[in-house]
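# Working through the structure, step by step
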Amino acid sequence: MAELFINKISKPKQSLLSLLSVGVVSLVCTIFSAFLGYRVVALILLVTVSLLAISFDILPVLIAAVLSALVWNFFFIPPRYTFHVGSTEDLILFVMYFVISLVNAVLTYKIRLIQKGTKQKEEKASTVKLYNTLLNSLSHELRTPIATIIGATDTLLANNTKLKQEDRGELLAEISKASFRLNQQVENLLSISRLESGFIEPKMDWCDINEVVYNAIKRIEEHKYTQLISVNINPNFPLFKLDKGMMEQVIYNLLNNACLYTPWNSEINITSLNHANILEIIIEDNGNGFPEEEIKKVFDKFYRLKDSSTGGTGLGLSIVKGFIEALGGSIYLENVRTGGARFTINIPADTVQFDRKPELWLRRKF
Amino acid sequence: MAKTEILVIDDEPQIRKLLSITLGSNGYFVKQAASAKEGMMNIANDPPDMVILDLGLPDECGHTVLQKLREWYTNPILILSVQNSEDDIINALDSGANDYLSKPFRTGELLARIRSALRSTIQEECSPIITCGELQIDLSERTVKKNGELIKLTATEYALLALFVRNEGKVLTHQYLLRDVWGPGYINQSQYLRVFIAQLRKKIENDPNRPELFLTESGVGYRFICKNNEL
């Protein structure tokens, strides 16, 4: 909280606020001076300075400390309304007050600096950890296909006459597969860096959700998974104003994820509903679901389930979440009671309902 | 007949080699240029039948090259680029590129685009009856038949279909379609287009959810593909 204050209020304003609070506190004390001894007033002023020290920068606090000491001297230490101090005891008190308030201000400021330093160190450590995870998973994901390509081309280039024609074909197929995998990883990395940079700007246009879903399915089908995907969306579903490319990527990633991590021949179901200009998309499978304790982490960057097989960078779902949030929506994951996972997406968006006879709402050129 | 000449302007030797082998083995005569300057000189001295242009050239931006070329060069220009942002693509198509393909690309796709771009220059005046697989479109009588059965289309649907058929294989941007069918005041009303494409797909495609004729080019436009046109 202390940091919040410093960030929000400029230094001149802080100084002004310090002066004001010391002034107000002194005024209140003057009003009640009949009931309060001047020594108590000193403590009250000291508390004020301490409170200021918690949230403000050093200079405003020092100003408050000096001012409060002078105010205390002038208005409260007898004889009042002079800077003259009557007894030796009071003089010592005044000097002590001055020293304590200054030390207080400086110490609090220093503690805050130290705190800030520790926090930065912690952040740095977690960044390094993230970076290492990134390097590990990336080097695996990028090097495997690269190794395949280099190895296969070496064998083919060696012009080995012992190589059977079918093996030759197989090696070529492997090169092709590896290249696609590389391309996919590069796309993922570009998406994540677009999200990281914070400069992602959705290009809103009218989207036919059916079309978006089927486009994603068409891309999934190229992988020849065994899972059965069914779509349950009204053919007259309204158009939504969204970023089509991002939506397609979101659905593709979720389907791809479901296909990769559910048992063979599992079923995946896509449903979409329009709740008063909120688009809801549910992608549900009848696989094994997610371990409950890991559900919260699955959208984290580079996070992979503890016992997941090799392959995958842990970027897919974080891209999904990033894109949906960039579109102003939210995504929620839960396990279905009958087994399997259910992703629910909600995105607020403008809609246009198809007219029964669209010809009527359009004029034509000729 | 002399071989069709294609000039490849790309600064990457790997891509030039790949294209020259691929296109050469498919019966085209391939010339190469490594920079915008070299390419422009090459085209001026001996205009090829087609240009394949990379947008990221070292000496000049591909968009500028395209604009300069289009001042006098009328043969097809195909853009082949790693830049796959929708704005770049639309920009290139608006400046007169016939088509675009982003790297990495599939060889089959590239050959299909080249064929379609070359075809559009060869047969400027086509016969009024066009057959696309099960589909038969009579441009003079304004009728559309599927498997010999007449399909009822509204005037707008027909106008859109006719436009697609005349530009078979070529990507048509949203703006182009809206301007041509609805008029210049409608170029931002992309919802009209979505609705009518959905209607056409419902009436003509075998499975409207898995279109084979009206393909979506995400964020750019649509492309009409005629299945039997394997020239």
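Residues numbered from 1 in each chain as written. Chains lettered and ligands numbered in written order. Predicted model: local features only at pLDDT ≥ 70, side-chain atom pairs only at ≥ 80, totals over all residues. Heavy atoms only, no water.

On the surface, a cluster of nonpolar side chains totalling about 930 Å² of accessible area is made up of Leu16, Leu17, Leu20, Val24, Leu27, Val28, Ile31, Phe32 and Phe35 of chain A. You can see Val24 of chain A is positioned in helix H2 (residues 11-31). (Patch = residues over 30% accessible without salt bridge, like charges linked within 9 Å, V, L, I, M, F, W, Y side chains within 5 Å. Areas by Shrake-Rupley, 256 points an atom, 1.4 Å probe, with all protein chains shown as cover. Salt bridge = Lys/Arg side-chain N within 4 Å of Asp/Glu carboxyl O. Helix = DSSP H or I, 4+ residues; strand = E, 2+ residues; numbered from the N terminus.)

Pairing is antiparallel in the open sheet, where three strands are placed in the order E1-E3-E8 (chain A). Among the strands making up the open sheet, the edge pair consists of strand E1 (205-207) and strand E8 (351-352) of chain A. (Pairing = 2+ DSSP bridges.)

To continue, consider the nonpolar core. In terms of nonpolar packing, the biggest core is built from 48 residues, with Ile209, Leu242 and Leu254 of chain A touching the most fellow members. Here the element with the most residues in this core is helix H8 (residues 244-261) of chain A; it accounts for nine residues. Among all residues touching Leu242 of chain A, those that are not within four sequence positions of it are Lys203, Met204, Asp205, Cys207, Ile209, Met247, Leu279, Ile347 and Ala349 of chain A. In terms of nonpolar packing, the next biggest core, distinct from the first, is built from 31 residues, Tyr158, Ile197, Leu200 and Ile204 of chain B among them. (Core = buried A, V, L, I, M, F, W, Y, C linked by side-chain atoms within 4.5 Å. Buried < 20%, exposed > 50% of the residue type's maximum accessible area, 1.4 Å probe, protein only. Contact = heavy atoms within 4.5 Å.)

Right, let's talk about the interface of chain B and chain A for a bit. Tallying the contact residues gives 32 residues for chain B and 29 residues for chain A. Each partner contributes to the roughly 2,600 Å² buried at the junction of chain B and chain A, and carbon and sulfur atoms together form 49% of this total. Taken together, chain B and chain A are joined by five salt bridges. With its nearest N and O atoms 2.8 Å apart, the salt bridge here joins Arg210 of chain B to Glu221 of chain A. Our enumeration of links across chain B and chain A arrives at ten residue pairs in polar contact (both at pLDDT 80 or more). At the level of elements, helix H4 (86-94), helix H6 (155-166), helix H7 (174-181) and helix H8 (190-204) of chain B are the ones that each hand at least two residues to the side of chain B that touches chain A. The element contributing the most residues to the side of chain B that touches chain A is H8 of chain B, with ten residues. (Buried area = accessible area lost by both parts, 1.4 Å probe. Polar contact = N/O pair within 3.5 Å; in protein donor to acceptor, adjacent residues only side chain to side chain.)

Further remarks concern the UniProt feature "domain: Response regulatory" (unreviewed entry) in chain B. As annotated in UniProt, the feature "domain: Response regulatory" (unreviewed entry) corresponds to residues 5-118 of chain B in the numbering used here. The annotated region residues 5-118 of chain B carries 46% helix and 21% strand content, and the separation between its end C-alpha atoms amounts to 11 Å. (UniProt positions renumbered as here; feature names shortened; annotations may be inferred.)

Residues and elements named next belong to chain B. A complete count under the given rule lists one disulfide over all chains for this structure. Here Cys132 engages in a disulfide with Cys226; their sulfurs sit 1.8 Å apart. With the S-S dihedral at roughly -115 degrees, the linkage between Cys132 and Cys226 falls on the left-handed side. Placement of the pair is Cys132 in strand E6 (residues 129-132) and Cys226 in the segment after strand E12 (221-224), with a sequence separation of 94 residues. (Disulfide = S-S within 2.5 Å.)

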